[in-house]
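The primary structure of each chain is shown beneath.
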Amino acid sequence: MEKKLIVANWKENKTASQTTEWFEKFGAALSISRSRSKLSINLEVVVCPSFILIPVLNSQLSTLNSPFRLGAQDVSKFEEGQYTGEVSAKMLRDFVSYVIVGHSERREHFGETDEDVNLKIEQCLKYDLTPIVCVSSLEQVSTVSDVIFAYEPLSAIGTGKPDTPENAQDFAQEIKTEVGQNVKVLYGGSVNAKNAKSFVSQPDISGVLVGEASLDAEEFGKIIKTL
Ligand code: PEP
């Protein structure tokens with residue numbers, strides 16, 4: 001049975017102390033401890049904090065006997081060199097397994113183009129990181145395999161107005177027709193504990209990307225428990 005992927009995108013939120021607080025509440029919400037895990041074995045949970053919090057969360061999550069992974073929210077399109085402020089795939093691979101690439105907020109506020117996104121995907125694949133490529137239209141879907149796509153309609157991001165599970169399913173099916181039946185497609189946009197299951201139970205949707213609701217450890221714990 002295919003593992004469902006639940007990805008938390010924290011965006012530009014949380015300090016180190018808020019991260020520790022989140023981690024404690026999250027453990028309590030799921031009743032998980034160092035010795036036991038009550039999570040379904042068919043789930044993989046990926047938390048994507050800001051770069052600076054990755055080592056903080058890494059040392060905390062690694063104490064749990066649970067299916068947690070870390071991801072980054074972005075990566076440099078350059079391999080290394082004179083690119084002040086950038087974080088490369090080569091640096092990230094010691095800490096994370098996944099990288100969110102091409103999020104609509106990066107396209108909107110930082111002018112990221114499809115060409116940039118493709119260079120970032122290339123860097124991820126070169127360093128064995130799995131890119132989670134965010135797309136809001138079929139034109140943004142490149143036919144690269146070995147990536148996970150996240151269908152994130154612009155009208156649903158941070159608005160409290162999710163797309164319907166049926167539309168998300170149709171979009172996922174179209175991506176698979178274009179790229180290949182084995183590619184994983186997630187849905188993202190106003191996912192919460194009440195609607196997560198309706199998306200994840202669609203035949204071509206392999207999980208969810210969660211923004212706002214992942215910042216609250218209890219709500220994020222609830223999402224995981226509903227799946
Ligand atoms: C996102 O921005 O990736 C996202 C899914 O946000 P939200 O859940 O807050 O709509």
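Predicted, not measured: the structure shown is a model, and the values here were computed from it. (Residues numbered from 1 in each chain as written. Predicted model: local features only at pLDDT ≥ 70, side-chain atom pairs only at ≥ 80, totals over all residues. Heavy atoms only, no water.)

Side note on the nonpolar core
Piece 1. The biggest cluster of nonpolar side chains holds 58 residues, and the ones touching the most others in it are Leu92, Val99, Phe149, Ile175 and Phe220.
Piece 2. A per-element tally of this core places helix α6 (residues 165-179) first, with five residues.
Piece 3. Val99 has contacts with Ala72, Asp74, Val75, Leu92, Cys124, Leu129, Thr130, Pro131 and Ile132, leaving out every residue within four places of it along the chain.
Piece 4. Residues Leu5, Tyr98, Ile100 and Ile148 belong to the second largest nonpolar core, which totals twelve residues. (Core = buried A, V, L, I, M, F, W, Y, C linked by side-chain atoms within 4.5 Å. Buried < 20%, exposed > 50% of the residue type's maximum accessible area, 1.4 Å probe, protein only. Helix = DSSP H or I, 4+ residues; strand = E, 2+ residues; numbered from the N terminus. Contact = heavy atoms within 4.5 Å.)

Focus on the site of the ligand
Piece 1. In the neighbourhood of the ligand, 13 residues make up the surrounding shell, with Lys11, His103, Glu152, Gly158 and Ser190 lying closest.
Piece 2. Glu152 is positioned such that a nitrogen or oxygen atom in its side chain is 2.8 Å from an oxygen atom of the ligand.
Piece 3. Gly211 places a main-chain nitrogen or oxygen 2.8 Å from an oxygen atom of the ligand.
Piece 4. Alone, the ligand offers 290 Å² of accessible surface; in the complex the protein occludes 98% of this.
Piece 5. One can see that the ligand is located within the second largest pocket.
Piece 6. Each residue belonging to the shell around the ligand can be placed in one class, and the counts come to four nonpolar, six polar and three charged. (Near = heavy atom within 4 Å. Polar contact = N/O pair within 3.5 Å; in protein donor to acceptor, adjacent residues only side chain to side chain. Areas by Shrake-Rupley, 256 points an atom, 1.4 Å probe, with all protein chains shown as cover. 1 Å grid on protein atoms, 1.4 Å probe; cavity = no way out; pocket = protein on both sides within 12 Å on 5 of 7 lines; lining within 4 Å. Sits in = over half its atoms within 2 Å of the grid points. Nonpolar A, V, L, I, M, F, W, Y, C, P; charged D, E, K, R; others polar.)

Comments concerning the layout of surface pockets
Any empty space left between atoms is shown by rolling a water-sized probe over those atoms.
Piece 1. Estimates place the volume of the largest pocket at around 490 Å³.
Piece 2. Residue lining of the largest pocket: 18 residues in total, with Glu12, Gln73, Asp74, Arg106 and Phe110 positioned closest to the centre.
Piece 3. For the lining of the largest pocket, the element with the most residues is helix α4 (residues 104-109), which contributes three residues.
Piece 4. Looking at the second largest pocket, its volume works out to about 270 Å³.
Piece 5. Sorting the residues of the lining of the second largest pocket by element identifies β8 (207-210) and α8 (212-215) as the ones contributing at least two each.
Piece 6. Among the residues forming the lining of the second largest pocket, the class breakdown is six nonpolar, ten polar and three charged. (Points joined across faces, edges and corners; volume = space filled by probe spheres on them.)

Honestly, that's just the spatial picture; any functional story needs more than this.
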